[in-house]
Amino acid sequence: MKEPIVLIGGGGHCISCIDVIELTGQYEIAGILDQKEKIGQSVLNYMVTGSDESIKKLAAKGYNFLITVGQIKSSNIRRKIFEQVKKEGGKLPVIISPLAYVSKYATVAEGTIVMHHVLVNANASVGKSSIINSKALIEHETTVGDFCHISTGAKINGQADIGGDCFIGSNATVGNNISVCEKTIVTAGSQVLKNIRLSGVYIGNPLRKIR
């Protein structure tokens, strides 16, 4: 019997998450939580059935949760929801697409989704409530912190260290043994070949800080 799971956030990222969850065959999507004015609307084949106020009741019933709010500029909303779910005793399983490869020697923490065609290689570590998006590469011995979004096609090379609350954009590359400090945004297509020690927004090749 499939376990029930409730999705929190009904936007574009939710659509992609639904596809991954359905493909796993492990969970039955029991509804979506979003803003009150969206209750009754549908996302793909699933209804928005409540708001964040429903978390306490659903957690008491033993439902699983997945945070399906996206993350680009900030992880604040995802972090706030995660803490609310944990406070109410809710469960946040790891969701891994059957089309992804996650080494048996890698670790992925609670609430994280690993999407289609991702590679997570040996001795890599991915933190809580992160998004490892389609076709991303997390190489050997790399650490990705909590509340990160490694976007589509991004490459994090071996022994890199991505701090918490980071966004690494589509097709960006982080070189071997490179450290990126927490709360950093690396824009799409950028190349990170030197350590980033100051939080901010970085772009390009050569990489430069723009704010």
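Quantities reported herein were computed from a predicted structural model and do not represent experimental measurements.

Caption draft 1: Up close: the overall build of the protein chain. Secondary structure assignment for the protein chain yields 3 helices and 24 strands. Against the globule reference of 17 Å for 211 residues, the protein chain gives a C-alpha radius of gyration of 17 Å, in line with a compact fold. Counting every position in the protein chain, which comprises 211 residues, the buried fraction comes to 51%. Of the roughly 10000 Å² that the protein chain leaves accessible, carbon and sulfur atoms contribute 50%. Distance from the positive charge centre (23 side chains) to the negative charge centre (17 side chains) of the protein chain: 5 Å.

Caption draft 2: Fine view of the pairing of strand E2 (residues 27–33). Extensive coverage of E2 is indicated by the burial of 5 of its 7 residues. Relative to E2, strand E1 (residues 3–8) runs parallel, the two being bridged by 6 bridges. Of the residues in E2, the one forming a bridge with Val 6 is Gly 31. You can see the chain leave E1, run along helix H1 (residues 12–24) and come back into E2, and the turn it takes is right-handed.

Caption draft 3: Structural detail: the pattern of salt bridges. Evaluated as defined, the whole model comprises 3 salt bridges. The salt bridge partner of Asp 165 is Arg 79, with a shortest N-O separation of 2.9 Å. One end of the pair, Asp 165, is in the loop between strand E17 (161–162) and strand E18 (167–168); the other, Arg 79, is in helix H3 (residues 76–87), with 86 residues separating them in the sequence. Look at Asp 165 and you get buried, because its relative accessible area is 13%. Judged by its relative accessible area of 28%, Arg 79 is partly exposed. Here Glu 110 ties to Lys 86 by a salt bridge, and the two come within 3.1 Å at their closest N and O atoms. Residue Glu 110 is located in the loop between strand E8 (107–108) and strand E9 (113–114), and its partner Lys 86 is located in helix H3; the two are separated by 24 residues in the primary sequence.

Caption draft 4: Layout of the side chain of Asn 64. Of note, Asn 64 is situated in strand E5 (residues 64–67). Owing to a relative accessible area of 4%, Asn 64 belongs among the buried residues under this scheme. Of the polar contacts made by the side chain of Asn 64, one reaches the side chain of Glu 3; its length is 3.0 Å. In this view, Asn 64 contacts Glu 3, Pro 4, Ile 5, Val 6, Tyr 27, Lys 91 and Pro 93; residues no more than four positions away in its chain are not counted.

What counts, and where the lines are drawn
Residues numbered from 1 in each chain as written. Predicted model: local features only at pLDDT ≥ 70, side-chain atom pairs only at ≥ 80, totals over all residues. Heavy atoms only, no water. Helix = DSSP H or I, 4+ residues; strand = E, 2+ residues; numbered from the N terminus. Rg over C-alpha atoms; globule rule 2.2 N^0.38 Å. Buried < 20%, exposed > 50% of the residue type's maximum accessible area, 1.4 Å probe, protein only. Areas by Shrake-Rupley, 256 points an atom, 1.4 Å probe, with all protein chains shown as cover. Lys, Arg positive; Asp, Glu negative; His and termini not counted. Charge placed at Lys NZ, Arg CZ, Asp CG, Glu CD. Pairing = 2+ DSSP bridges. Right-handed = clockwise from strand over helix to strand, strands pointing away. Salt bridge = Lys/Arg side-chain N within 4 Å of Asp/Glu carboxyl O. Polar contact = N/O pair within 3.5 Å; in protein donor to acceptor, adjacent residues only side chain to side chain. Contact = heavy atoms within 4.5 Å.

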